[in-house]
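# Structural description and commentary
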Amino acid sequence: MKALFIVGLVVMVLGILSFFIPLPHTEHHGIDAGDVHLGVNTHHDEMLPPYVGVGLLVVGAGLMIAGRKRGA
């Protein structure tokens with residue numbers, strides 16, 4: 001298998017996973033007053049927008065096709 005085909009396969013798998021697995025995101029909200037630090041950490045699990053997943057699928061498929069044609 002060519003390297004371009006493998007990269008395309010990895011990008012395509014990431015595109016498929018982006019529809020099902022949320023990305024964790026942590027934010028720190030707080031205030032600093034001299035030596036006193038008061039804050040709260042908030043944790044969010046956010047899904048990527050659907051167009052990102054579709055874009056990854058299209059790019060991955062294109063790389064796989066280009067890698068296959070180049071190797072032939």
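Only a predicted model underlies this, so the values are computations on that prediction, with no experimental measurement involved. (Residues numbered from 1 in each chain as written. Predicted model: local features only at pLDDT ≥ 70, side-chain atom pairs only at ≥ 80, totals over all residues. Heavy atoms only, no water.)

### Regarding the overall build of the protein chain
- In terms of helices and strands, the protein chain carries two helices and two strands.
- Whereas a compact globule of 72 residues would reach a radius of gyration of roughly 11 Å, the protein chain reaches 20 Å, over 25% beyond that.
- Considering only C-alpha atoms, the protein chain reaches an extent of 65 × 25 × 15 Å along its principal axes.
- Buried residues in the protein chain amount to 11% of all 72 residues. (Helix = DSSP H or I, 4+ residues; strand = E, 2+ residues; numbered from the N terminus. Rg over C-alpha atoms; globule rule 2.2 N^0.38 Å. Buried < 20%, exposed > 50% of the residue type's maximum accessible area, 1.4 Å probe, protein only.)

### Overview of the pairing of strand β2 (residues 36-46)
- Here strand β1 (residues 23-33) pairs with β2 via eleven bridges, running antiparallel. Each residue of the ladder has a partner; that of D32, found in β2, is H37.
- Here β1 hands over to β2 after two residues, with G34 in that stretch at a positive phi of 70°. (Pairing = 2+ DSSP bridges.)

### Some remarks on a nonpolar patch on the surface
- Taken together, the side chains of I6, L9, V10, V13, L14, I16, L17, F19, F20, I21, V54 and V58 make up a nonpolar region of the molecular surface, amounting to roughly 1,100 Å² of accessible area.
- Broken down by element, the residue count for the nonpolar patch peaks at seven residues, all from helix α1 (residues 3-17).
- Here L14 lies in helix α1.
- Judged by its relative accessible area of 47%, L14 falls in the partly exposed class. (Patch = residues over 30% accessible without salt bridge, like charges linked within 9 Å, V, L, I, M, F, W, Y side chains within 5 Å. Areas by Shrake-Rupley, 256 points an atom, 1.4 Å probe, with all protein chains shown as cover. Salt bridge = Lys/Arg side-chain N within 4 Å of Asp/Glu carboxyl O.)

Don't take any of this as a statement about function, it's just geometry.
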